[in-house]
Amino acid sequence: MNKKQSGLLEEAKKSVLLMPSVLLLLVFFVAPILLTVYYSFTNLALSGENARQLKFIGLSNYFTMFKDRTVRISIGNTLVFLLGSLIGQQVLGFIIALNMRNKNRVFRGIVGPIFLAGWIMPEVVVALCCSTFFGDSGTLNQIFSFFHLPQVEFLFAIPMLTVILANIWHGTAFSMMNFQSALDGVPADIEEAARVDGAGPFQTMIRIILPCIKNTIATNTMLNTLSTLGVFGLIYMMTGGGPGTKTLTLPIFMYRQAFISQQLGYGTAISMILLVIGIVLSVFYTRIMRND
Amino acid sequence: MYWKFRKTIPYLVLTILAVIFALPLLWILLASFDANASQAVKMPSQWTVENYKTILLNRANQRAFGNGLLISLGQSVLVVLIAGFAAYPLSRYELRYKNMFLYTILFMTSLPITAVMVPVYKMFLTVGLYDKIGGLILFLTATSMPYGIWLMKNFMDNVPVELEEAAWVDGASAFDSLRKIIAPLMFPGICVVFIFTFSGSWGNFFVPYILLQTLDKFPASVTLYQFFGQHGMVIYGQLAAYSAIYAVPSIVLYVLSQNYMSKGFNMAGAAKG
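Residues numbered from 1 in each chain as written. Chains lettered and ligands numbered in written order. Predicted model: local features only at pLDDT ≥ 70, side-chain atom pairs only at ≥ 80, totals over all residues.

**Quick word on the overall build of chain B**
Applicable threshold: Labels follow the DSSP assignment, with helices taken as runs of H or I lasting at least four residues and strands as runs of E lasting at least two, numbered in each case from the N terminus. Using C-beta atoms placed from the backbone, we call a residue buried if 20 or more other C-beta atoms fall within 10 Å of its own, exposed if 12 or fewer do, and partly exposed for counts in between. C-beta atoms are first placed from the backbone for all residues, and any pair lying within 7 Å is then listed as a contact.
Helices and strands together make up the secondary structure of chain B, namely 13 helices and zero strands. Starting at the N terminus, the α and β elements of chain B follow one another as α-α-α-α-α-α-α-α-α-α-α-α-α. Seen through its C-alpha atoms, chain B measures out along the principal axes to roughly 70 × 70 × 35 Å. By residue count, 47% of the 273 residues in chain B fall in the buried class. Intrachain contacts of chain B at a sequence separation of at least 6 include 76% that bridge at least 24 residues.

Printed below as a string of structure tokens:
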């Protein structure tokens, strides 16, 4: 046996313990990704003629997609949901983290868990208690009537804003925690020096604090984007994508096409949009983490 | 006067925000003990535990909680074992493809699983894994592998190699030293991975919803959704009680994980499964 062969053998021996996970990842992670690409070029259907004859139809699904008005609507909805959630969660998370700094311990001990609770709750519970909170005779409408404000059918009149608020309620704590640990890392003496030099709170914020935590903002945005893109249950349970197409995001549209209209091929083509965005962002994310 | 005012602003802001954040959950808590619960937060006119009793004594609900427990436990145990094995060579040996493998894993941690569910469904139909709890557990395990391996490797890196060297001299295999030396030393890390996986799995709605079909196999996440869809707008008390019971494991596990979380543990990629 030459040196190279024995090297390979040695390498293989060392990797034995890796094999179960590699196998799992290949079968249940890599294969589905490849299948996603493949199916998006086929006429795969759950029932009917096409179910029996799987055909390669080239870019057909993609052409249909470009012409499909609902695709454009759902891309738009996804972006609105994404931006609304991102801005809401991060701004609110930042405000909370900033205000929590150096506060009374007991106060933090009471307030902190309240913010965290929304994040710890499973998705179904979030959808459920937000549905009732925004319900026609729910808590928010009760508060409105207490202040003699008009009643609002939140889930019907402003469904997108409502699901965004629900997602903000759920996700803010994640950003809050990230910002808390980042703010802890801002050296107190720099801040102090700026203050001595006559910088106001606004200037300190723009010139000192934000530049110090810009990496956290970037990572946090990336992670939130990736998880928000995949949100299915929350919207599905609160509005089902409706009324009409008002809260129809890509995951819900994908679900409808695949499981209600039974067009798996077309549904997969739609999920390709998500997958491609996901892959691009993940590459960026990996780059950032690598350089840390 | 001005200074005093400025000092109270943060408290005021936080208090208002906290009250708003607390209201949706307060509803669950109060409505679940209310004999005449409505959609809005209110003090129960008549306190009762009847809602909890009804939910807990129901056969179908018991099975749903059992299924959820089985799925989450199965997935967590598998993730800890398989990711633990994988972490060993990655942490201890020089391997040529190691960095590439690790970056691929890191890359995978953040991919949205939602995007591949339709093909997975088709794949499961084709190979006969559809509507099988075992198949569901395997898929969920695979989706947790990337962050599982990533975390396990990082925790294992913190266990000094010197401790193992003595064992190697005595002829112990990698498996032996993994079991007898490393595992006990990185127990808190193992707990973190276990807890992360368990609570992610317990809260997962989409994957079991797609990959299971039989009512009897659904975990609590799916049955709670169905309960919500069918009776949710009528029996608020029971709905709230169901949600409260279902949320308990997530809360307990979160509190537990805080105890195991070592200082400086800030691997953002894993925090959101």
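**Quick notes on the overall build of chain A**
Scanning chain A from terminus to terminus reveals 16 helices and zero strands. Residue burial in chain A is summarised as follows: out of 292 residues, 41% are buried.

**Digging into the environment of Val79 of chain B**
All names here are of chain B. Here Val79 is to be found in helix 3 (residues 59–92). Residue classification places Val79 among the buried positions, given that 30 C-beta atoms sit within 10 Å. The spatial distance from the C-alpha of Val79 to the C-alpha of Pro146 is 9.7 Å, given a sequence separation of 67 residues. The contacts of Val79, once residues within four sequence positions are left out, are Thr141, Ser144, Met145, Gly148, Val193 and Thr197.

**Some words on helix 8 (residues 174–185) of chain B**
Residues and elements named next belong to chain B. In plain terms, the rule: Expected helix span is taken as 1.5 Å per residue step, with the number of steps being one fewer than the number of residues. To obtain the arc, one takes the directions from the helix axis to the C-beta atoms.
Between its first and last C-alpha, helix 8 extends 15 Å over twelve residues, near the 16 Å set by a 1.5 Å rise per residue. Listed as buried for helix 8 are Ser177, Leu178 and Ile182. Taken around the axis of helix 8, the buried residues stretch over an arc of 105 degrees, which confines them to a single face. Looking at the packing, one finds that the buried side of helix 8 touches helix 3, helix 6 (133–157) and helix 7 (162–169).

**With respect to unusual backbone geometry**
Residue Pro243 of chain A follows Gly242 of chain A across a cis peptide bond; omega there is -5 degrees. Of note in the backbone geometry, His148 of chain A takes a positive phi value of approximately 60 degrees without being a glycine. Within the element layout of this structure, His148 of chain A appears in the loop between helix 8 (139–146) and helix 9 (154–157). Located in the positive-phi region is Asp131 of chain B, a residue other than glycine, with phi close to 65 degrees. Mapped onto the elements of the fold, Asp131 of chain B is located in the loop between helix 5 (117–127) and helix 6.

**Considering the interface of chain B and chain A**
Each side of the interface is counted separately: chain B has 70 residues, and chain A has 73 residues. Residue contributions to the side of chain B that touches chain A peak at 13 residues, all from helix 1 (residues 2–32) of chain B.

**Observations concerning helix 10 (residues 159–184) of chain A**
Where we set the bar: Note that bend, as reported per residue, equals the angle between axes fitted to the 7 residues terminating at that residue and the 7 residues originating from it.
For helix 10 of chain A, with 26 residues, the first-to-last C-alpha span of 37 Å sits near the 38 Å given by 1.5 Å per residue. The largest bend in helix 10 of chain A amounts to roughly 40 degrees and is located at Gly171 of chain A.

**Some details on the domain arrangement of chain B**
Residue and element names in this part refer to chain B. Just so we agree on the cut-off: The domain boundaries here were taken from an automatic or database domain assignment. Throughout this entry, Asp, Glu, Lys and Arg are counted as charged residues, while Ala, Val, Leu, Ile, Met, Phe, Trp, Tyr, Cys and Pro are counted as nonpolar. The remaining residues, Gly among them, count as polar.
Here chain B is described as being made up of domain 1 (1–48) and domain 2 (57–271). The C-alpha-based centres of domain 1 and domain 2 are spaced at 33 Å. On the domain 2 side, the residues contacting the ten residues of domain 1 number six residues. Here the residues of the side of domain 1 that touches domain 2 sort into six nonpolar, three polar and one charged.

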